[in-house]
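# Remarks on the overall topology
The lines below spell out each chain.
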Amino acid sequence: MPKDAGDAKLLFQSLNKAYAATPTNLKIIDLYVVFAMATALVQVAYMGVVGSFPFNSFLSSVLSCIGSAVLAVCLRIQVNKDNKEFKDLPPERAFADFVLCNLVLHLVIMNFLG
């Protein structure tokens, strides 16, 4: 076995071990981020195959997915107990900020649709 393959296997084992210790609520947020990014990639692939006739609709849907993913990453940073920067911020407040920012994001997206 080449040395690079052994290093990659060791890297994946250490990542799996570290991720196993991650709390469930952070894993759920990670799953949401992966879903939002996968949805954006599917939309881009669909646009590449079919075309982008209503371009503002395509643009707003992709930006909605990416914006939701970015807001979820911000929520993950704020909810993470290992992060000392937001230790005084209760998780309920972080979630309320996430919901409010998502509401504003989607109102802007709806306005962009026309």
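Residues numbered from 1 in each chain as written. Predicted model: local features only at pLDDT ≥ 70, side-chain atom pairs only at ≥ 80, totals over all residues. Heavy atoms only, no water.

With that settled, consider the overall build of the protein. Along the backbone of the protein there are four helices and zero strands. Mapped in sequence order, the helices and strands of the protein form the string α-α-α-α. Across its three principal axes, the protein shows a C-alpha extent of roughly 50 × 45 × 20 Å. Counting every position in the protein, which comprises 114 residues, the buried fraction comes to 22%. If you take every contact in the protein between residues at least 6 apart in sequence, the share linking residues at least 24 apart comes to 67%. On the protein, roughly 8400 Å² of surface is accessible, and the fraction owed to carbon and sulfur atoms is 72%. (Helix = DSSP H or I, 4+ residues; strand = E, 2+ residues; numbered from the N terminus. Buried < 20%, exposed > 50% of the residue type's maximum accessible area, 1.4 Å probe, protein only. Contact = heavy atoms within 4.5 Å. Areas by Shrake-Rupley, 256 points an atom, 1.4 Å probe, with all protein chains shown as cover.)

Now for the pattern of salt bridges. This structure, assessed with the given rule, holds two salt bridges. The shortest N-O distance in the salt bridge between Asp-30 and Arg-76 comes to 2.5 Å. One end of the pair, Asp-30, is in helix H2 (residues 24-50); the other, Arg-76, is in helix H3 (residues 55-79), with 46 residues separating them in the sequence. The shortest N-O distance in the salt bridge between Arg-93 and Asp-97 comes to 3.3 Å. Taken together, the positions of Arg-93 and Asp-97, both in helix H4 (residues 91-113) and four residues apart, correspond to about one turn of that helix. Take Asp-97: its relative accessible area is 26%, and that puts it in the partly exposed class. (Salt bridge = Lys/Arg side-chain N within 4 Å of Asp/Glu carboxyl O.)

Taken N-terminus to C-terminus, the directions of H3 and H4 make an angle of 170 degrees; their axes are 10 Å apart at the nearest point. Looking at the two axes, H3 sits roughly antiparallel to H4. Considering only residue class, the contact of H3 with H4 consists of 14 nonpolar, nine polar and one charged. (Axes fitted to C-alpha atoms, helices over the stretch in contact; angles between N-to-C directions. Parallel < 35°, antiparallel > 145°, perpendicular 65-115°, else oblique. Nonpolar A, V, L, I, M, F, W, Y, C, P; charged D, E, K, R; others polar.)

This paragraph deals with a nonpolar patch on the surface. A contiguous nonpolar patch, built from Leu-100, Leu-103, Val-104, Leu-107 and Val-108 and spanning about 480 Å² of accessible area, is present on the exposed surface. Mapped onto the fold, Leu-103 is located in helix H4. (Patch = residues over 30% accessible without salt bridge, like charges linked within 9 Å, V, L, I, M, F, W, Y side chains within 5 Å.)

Mapped onto this structure's residue numbering, the UniProt feature "transmembrane region" (unreviewed entry) falls at residues 31-49, 55-75 and 95-113. End C-alpha atoms of residues 55-75 are separated by 30 Å, and the span's content is 100% helix alongside 0% strand. In the segment residues 95-113, helix accounts for 100% and strand for 0%; the C-alpha atoms at its two ends are 27 Å apart. (UniProt positions renumbered as here; feature names shortened; annotations may be inferred.)

Time to look at the environment of Leu-26. Relative to the helices and strands, Leu-26 resides in helix H2. As for Leu-26 and Leu-75, which are separated by 49 residues in sequence, their C-alpha atoms are 9.3 Å apart. Ignoring anything within four residues of it in the chain, the contact list for Leu-26 reads Arg-76, Val-79 and Asn-80.

Turning to the packing of aromatic side chains, a few remarks are in order. The final tally for this structure, using the stated rule, is three aromatic pairs. Summarising the aromatic geometry, the rings of Tyr-32 and Phe-98 are spaced 6.4 Å apart at their centres and angled 85 degrees between planes, so their arrangement reads as edge-to-face. Of this pair, Tyr-32 sits in helix H2 while Phe-98 sits in helix H4, placing them 66 residues apart in sequence. When its relative accessible area of 13% is taken as the criterion, Phe-98 is described as buried. For the ring pair Phe-95 and Phe-98, a centre distance of 6.1 Å and an interplane angle of 35 degrees mean the geometry is tilted. Of the two residues, Phe-95 and Phe-98 both sit in helix H4, three residues apart, roughly one turn of that helix. (Phe/Tyr/Trp six-rings, centres within 6.5 Å; stacked < 30°, edge-to-face > 60°.)

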